[in-house]
Amino acid sequence: MHRIYQGLFLIISVFFSSTSVIAQNKVDSSTSVLVDSTPVSVNPELNGIYDTKSPKIYTISAITVTGTKSFDQNLITSISGLAIGDKVQIPGTDEFSKAINKLWKQNLISNVEIYLTNLAGTNLSVEIAITERPRLSDYDIVGVKKTEKDDLKKKIGLAKEKVVTENAKRNTVDVIKNYYDEKGYQNVTVKVKEEISKSAKNSMKLTFFVDKGNKVKVNSINFVGNQNATDQKLKKQMSGTKELTRFTLFPPPVPNPYHDTASKLSFKEYVQEYGFLIPNQTGIILEPYFRPTFANAKFNRDKYAEDKDKIIDYYNSKGYRDVEIVADTNITNEKGNRDIFVKIAEGSKYYFGNITWRGNTKYTDSILTLILGIKKGDVYNQQLLNKRLGKQLSPEGGDIGSLYLDDGYLFFHVDPIETAVYNDTIDFEIRMQEGPQATIGRVDITGNEKTKDYVIRRELRTVPGEKFSRADVIRTQRELSQLGFFNPEKITPNIVPNADNGTVDIGWSVEEKSSDQLELSAGFGGGIGLTGTLGVTFNNFSVKNILKGSTWDPLPSGDGQKLSARVQSNGKAYRSYNLSFTEPWLGGRKRNSFTTSIYSTKYANTYGRTNNYCLACADTSYIRTIGVGVSLGKQLKWPDDYFSLVYSLNYQQYKLRNYPNIFRGLSNGLATNVSLKIALARSAAQGNPIFPTGGSNFLVSGQFTLPYSLMGIDAGTASNPYTLPEFHKWRFNGEYYIPLGNSIGADKNQQFVLKIAAKFGYIGRYNKNLTVSPFDRFQLGDAGLSNTFAILGYDIISQRGYPVYNSSDPKINPDNITPNEFFTIFNKYTAEVRYPFSLNPSSTIFGLAFFEAANGWYDFKDYNPFELRRSVGLGARFYLPLFGLLGFDYGLGIDRITPGQPLKGAFKFTFLLGQEPE
C-alpha cells in the first residue's frame, strides 16, 4: 500500500477536541509490511496509486465498515455519501474528505479513518474504520441541593442512551452556570468526571461536580455625572439591581473610580440628597436606601444590563434625549461582593416644539392634537409620545392608535418624524397612513375540550361581518376570563389581517381549567352525633344532557350553567339544605340571567333550663326558615353595556317554637317575609377575576316589602308583631382597582394593586309609628361568616381586627360582649395593597396589607360617617379550583387598644372560606 494523498493530503487529519481523524491506506500484515514508517505493499499498483503523475479514474467496487458496535454498517455507509459504483479520481479527488466531514457532523463518532484495501484494474476497495462515541448510561450532579438538582435536570436535557458528545457536556456545564448565575452565584465552577461503564458496552457515566462559591451581591451603586437626577431616583429605576441593606458609619464613604479622590458628603449635603437620617446612640445611621424590598441584592448580569437601559429611558422621559452611560464598572471587594460605578453624560434637556399632522383624513388636526395631549414647550419625552400615538398600545386606550383601531382601522400606521432641532427644541411631523377599515372574516375557537363552542361564541364581541374593534377584542378577552372556565393567562386572540381584501381573521385560543368546587368536612361528637358539610358547585353544568349517559364525566357539562348544592349539619343543633341553579343566557339569544334557589335551615336549642346539654330539646325548641328565591337579570345598553339590572323576588317563612334567643319577649310565632329586590350593577373590573388589576365594580340596590301598615293590613299582633315584616332596604357597594406599577424584580404581570372600597347600607320603615324590622339588618365585625342571626336575612359585614359588635361608640371595647341587636345603618371603607405570588389558575395566591374603618348606627340622627372603628393588618388569599377561595387575616383593632394592657389583646385572627366577605 501507499499514501492516499500527496502533498497536503499525505494524511487527512481532522482535529476535533484533540482527537485526530486520519484517512490513509491500510497496511494488511498478510500482504505488506511497514518499513521505517513507510507503508510498503506487495501490490505494486495499489502501492503507487498516488505516485502517478497522470490522474486516473477508479470505480469503488466494495465498501466495508469496521469498528461499529451499535450502529448499522449500512447507516454509516449511507451517511458518508460513498456508494459502490462511484467514480473517483486519484490523485485529485475530495470524495473521501467529504465523507469524513459528513460522518463528523453527526456527532456519533470520536474517530474515523478511510483506507484503500485493494485494487484490481480500476476497481477500488474501500474500508471506513470508525470509533463510536460512548452512550450515556447515567449522570449525576454533585454539590447542589435536591430541589436545585431537580430543576437542573429539567433544563439540561440529557437522556440515557444518548450519545455523549463534547457539545453535550459543554452545554450542560453552561446550563448549570447560567442557572446559578440567575441566583447571584457568579463564580460557579463545574468539573466533569467521565467513567466508562463496566456493565454496559460502550457506555459512560457523567458526574458534574458543582462548586457554587459564595453568592455575589451588590454592595453599593454609585453614580457620577448625574447633575439633574439624584442617586436615589436612579437607583429606584434599577428594579433588578438592588444594594445590600445595612448599617454604616456617617458620612458614607464613596470611593469612586471616576473621581481622583474619594468623595464624602457633608451633613448638610447628605440631608439635601437623602432627606432624612435615622441615628442611634452610637452615631451609626441607617442608610437612606434601607427599605423593605421584595428583591434581594444579588447581582445578575442580564438584569443589570436591563437596568442600565431603564436609566436611559428615565432620562429620556425627562427630556434628556442625548443621555449616555459613557462608562460603567463593578469592582469586587474583599467579601466577594460588587461595588457598581456608573458614569453618565446627561446632555442637554429638550422640549417639544411645533407638532404637525400629515395623512389624516378621518380626524382633524385639532382633534388629534387634543387626544395627543402634548403642547409646544412640554418637556421632550419620546416614550410618552409613542404611548400617546398608540405605538405602545395599552388596554386602557385613550391614545391615537386606539382611536383608529376601535373604529376598524386595523391597517393604521403612524410615525413621528423629527423635522427640526434648534437650540433645545424639537419639531415633529406626525405622518399617518390610515388605510381602509377592516371587517372581521373568520372567527375560530380552539382549545375548548369541554365547553361547547356556542357558550364561547355568545360571549364574543368579535362577530364575522362586523367592523373590527380593538376595544371589542379586549372586552371579549375579559369576559371569557370572567366565565371561570378558562385559564385567564392563556386566553389569546390570534389576529390575522388580510390586507388584500380588507378583512381580518381572529382565532381565539383557550385553555380549559377546573371550575367545579367541592366542600367537605365531617366529624362525630359525643351526644351531638354526626357533624359535617358537603357542598358541590358545578360552574359549567348542562341540564339538557342530564338524560344522556355518555355526557356524564362525572356530570354533564359544557353549557355554562351553574348548579350548586350544599348540606350542613351539626347533629340536632343545626342543619341546612341549599340548592340553586343559574342559567346565564335565558333563551340563548341575550345575556339575560335566570336564577332560582331554595333552602331550609334549622337552629335548635340543645340546652335545657339547667343549661346542660339536652339532645331531646332540639325537637321542641328551635327556629326554622324556609326560603325560595327567583331572580332575572338583564344586561343594559345604556349608559353602557357594563351595566346590568337584576330583579329578585324572595319568600322566607320563619317559625319559632320555644326559641327565645332571637327576639325579646317572643318565643313562638310565624313570620312571612316577601320582598322584591332591584339591583343596578356595573361590573368593569379588569384582569384575573380572583385578582383584578384595574377597573371598578359598583352596585346600588333597593329591597322592598309591601307597606302593610299603610295599606290597612294587620301585619302583626300583640303576641307576634312580626307576622308580616315591612321595610325598605338600600345598599351601595363601590370598588376601585388601581395598578401601582411593576414590582421589584417581578414579572410584568405581577404587580402591586391598590383596592379601594366603600360600602353603605340602610334599612328603614314605612310607618314611623312602628319599629324598624328586626329582619335584614346589618351585622358588623369578625370574618363575615354565617351565624345564628344570618337566618334572619342579616347582611353580615366583616371587619378584620374586631369581634362582632353592636355599639356605635368606637370607645366601647366590644370584647366579651354578646350582641343581641344589630344596626340599621352602616358604613365601611377599605384600602388594600395586594401583591400576587402566583397567578396560576390551579393555585392563585396573593398577599395583602389592609386598612379598614367601619361602624354601625340605629338612627340617622346618630349617624356620623367619620366616627369609625379602625383596623390594620396583613392577610393572604389562596384560590384552589376544587375548594374555592381560602384566606386568613391578622388584624389589629386600633380602637381595641387599651392603655396599660398588652397590645396582643387588640389583635384578631380571622379565617374565610368560599368567597370574599362583604
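The residue numbers shown here count from 1 along each chain, following its written sequence. It should be noted that, the model being predicted, local features are given only for residues of pLDDT at least 70 and side-chain atom pairs only at 80 or more, the latter also being counted only at that level, while totals for whole chains, interfaces and linings use all residues. Think of the side-chain values as coming from all heavy atoms in the structure, minus any hydrogens and water.

1. Focus on the overall build of the chain
Strands are runs of DSSP state E lasting at least two residues, helices are runs of H or I lasting at least four, and both sets are numbered from the N terminus onward. Within the chain, the secondary structure is distributed over 13 helices and 41 strands. Accessibility here uses a 1.4 Å probe with only protein chains present; expressed as a share of the type maximum, an area under 20% marks a residue as buried, one over 50% as exposed, and anything in between as partly exposed. A burial count over the chain gives 43% of its 918 residues as buried. Whether two residues are in contact is decided by their heavy atoms, any of which lying within 4.5 Å being enough. The long-range share in the chain, meaning contacts at least 24 apart out of those at least 6 apart in sequence, stands at 61%. Values of accessible area rely on a 1.4 Å probe in the Shrake-Rupley scheme; residue burial ignores everything except the protein chains shown. Here the chain has roughly 47000 Å² of accessible surface; of this, 53% comes from carbon and sulfur atoms.

2. Some remarks on the environment of Gly 441
In this fold, Gly 441 is placed in strand 20 (residues 439–446). Apart from the residues within four sequence positions on either side, Gly 441 is in contact with Pro 464, Val 504 and Asp 505.

3. What about the side chain of Lys 242?
The residue Lys 242 is located in the loop between helix 6 (231–237) and strand 13 (247–249) in this model. Although Lys 242 is buried, it makes no salt bridge; Asp 307 carries the closest opposite charge, 7.3 Å away. Throughout this description, a polar contact denotes any pair of N or O atoms lying within 3.5 Å of each other; where both atoms belong to protein, one of them has to be capable of donating a hydrogen while the other can accept it, and for residues adjacent in sequence the pair is counted only when both atoms sit in side chains. Here Lys 235 takes part through its backbone oxygen, which lies 3.5 Å from a polar atom of the side chain of Lys 242. Looking at Lys 242, its side chain comes within polar contact range of the main-chain oxygen of Met 238, at 3.5 Å. By the counting scheme adopted, Arg and Lys are positive, Glu and Asp are negative, and His together with the chain ends is not counted. By salt bridge we mean one thing: a side-chain nitrogen of Lys or Arg within 4 Å of a carboxyl oxygen of Asp or Glu.

4. Some words on the sheet that holds strand 12 (residues 218–224)
Taken in spatial order, the three strands line up as 12-16-15 in an open sheet, and their pairing is mixed. Among the strands making up the open sheet, the edge pair consists of strand 12 and strand 15 (324–332). Taking each pair of neighbouring strands and ignoring which way they run, the sheet shows an average axis angle of 15°. Pairing between two strands requires that DSSP report at least two bridges joining them. In this analysis an axis means a line fitted to C-alpha atoms, helices contributing only their contacting stretch, and an angle means the value between N-to-C directions, from 0 to 180 degrees.

5. Here we look at the sheet that holds strand 6 (residues 87–90)
Pairing is mixed across the open sheet formed by four strands, whose spatial order is 6-5-8-7. Two strands close off the open sheet at either side, each with one partner strand: strand 6 and strand 7 (109–120). The average undirected angle you get between the axes of adjacent strands in this sheet is 40°. Examined bridge by bridge, strand 5 (residues 56–66) and strand 8 (residues 123–132) share seven bridges and lie parallel to one another.

6. Considerations on a negative patch on the surface
Patch membership requires more than 30% relative accessible area and the absence of a salt bridge. Residues of like charge join within 9 Å; the nonpolar side chains Val, Leu, Ile, Met, Phe, Trp and Tyr join within 5 Å. In this description, the location of a charge corresponds to atom NZ of lysine, CZ of arginine, CG of aspartate or CD of glutamate. On the surface, a cluster of negative charge is made up of Glu 182, Asp 302, Glu 306, Asp 309 and Asp 313. Of the residues forming the negative patch, the biggest block, four residues, is contributed by helix 8 (residues 301–317). On the secondary structure map, Asp 302 appears in helix 8. Owing to a relative accessible area of 53%, Asp 302 belongs among the exposed residues under this scheme.

7. Thoughts on the pairing of strand 21 (residues 492–498)
Summarising the sheet, strand 21 and strand 22 (residues 503–509) pair through seven bridges and their orientation is antiparallel. Bridging from a neighbouring strand, Ile 495 pairs with Ile 506 of strand 22. Here strand 21 folds back onto strand 22 in antiparallel fashion, the turn holding four residues, of which Gly 502 has a positive phi close to 70°.

8. Some points on the confidence of the model for the chain
One number per residue, pLDDT, summarises how confident the predictor is, and it ranges from 0 to 100. Looking at the chain, pLDDT values average 82 and 85% of them are 70 or higher. The low-confidence segment residues 246–295 (pLDDT under 50) makes 79 contacts with residues lying over four places distant or belonging to another chain.

9. Concerning the packing of aromatic side chains
When the centres of two rings from Phe, Tyr and Trp lie within 6.5 Å, Trp using its six-membered ring, the rings pair. Their planes under 30 degrees apart give stacked, over 60 give edge-to-face, and anything left gives tilted. Enumeration according to the criterion identifies 34 aromatic pairs in this entry. Ring geometry for Tyr 802 versus Tyr 805: centroids 6.2 Å apart, planes at 65°, classification edge-to-face. A relative accessible area of 0% means that Tyr 802 is categorised as buried. Since its relative accessible area comes to 1%, Tyr 805 is described here as buried. A connected cluster of aromatic rings, assembled from ring pairs, spans Phe 760, Tyr 762, Trp 857, Phe 860 and Tyr 863. We call a charge positioned above a ring when the Lys NZ or Arg CZ atom is no farther than 6 Å from the ring centre and deviates by at most 35 degrees from the ring normal. Across from the ring centre of Tyr 350, 4.9 Å away, lies the NZ or CZ of Arg 321, which sits over that ring. The ring of Tyr 363 has Lys 362 lying over it, and the distance from NZ or CZ to the ring centre is 5.9 Å.

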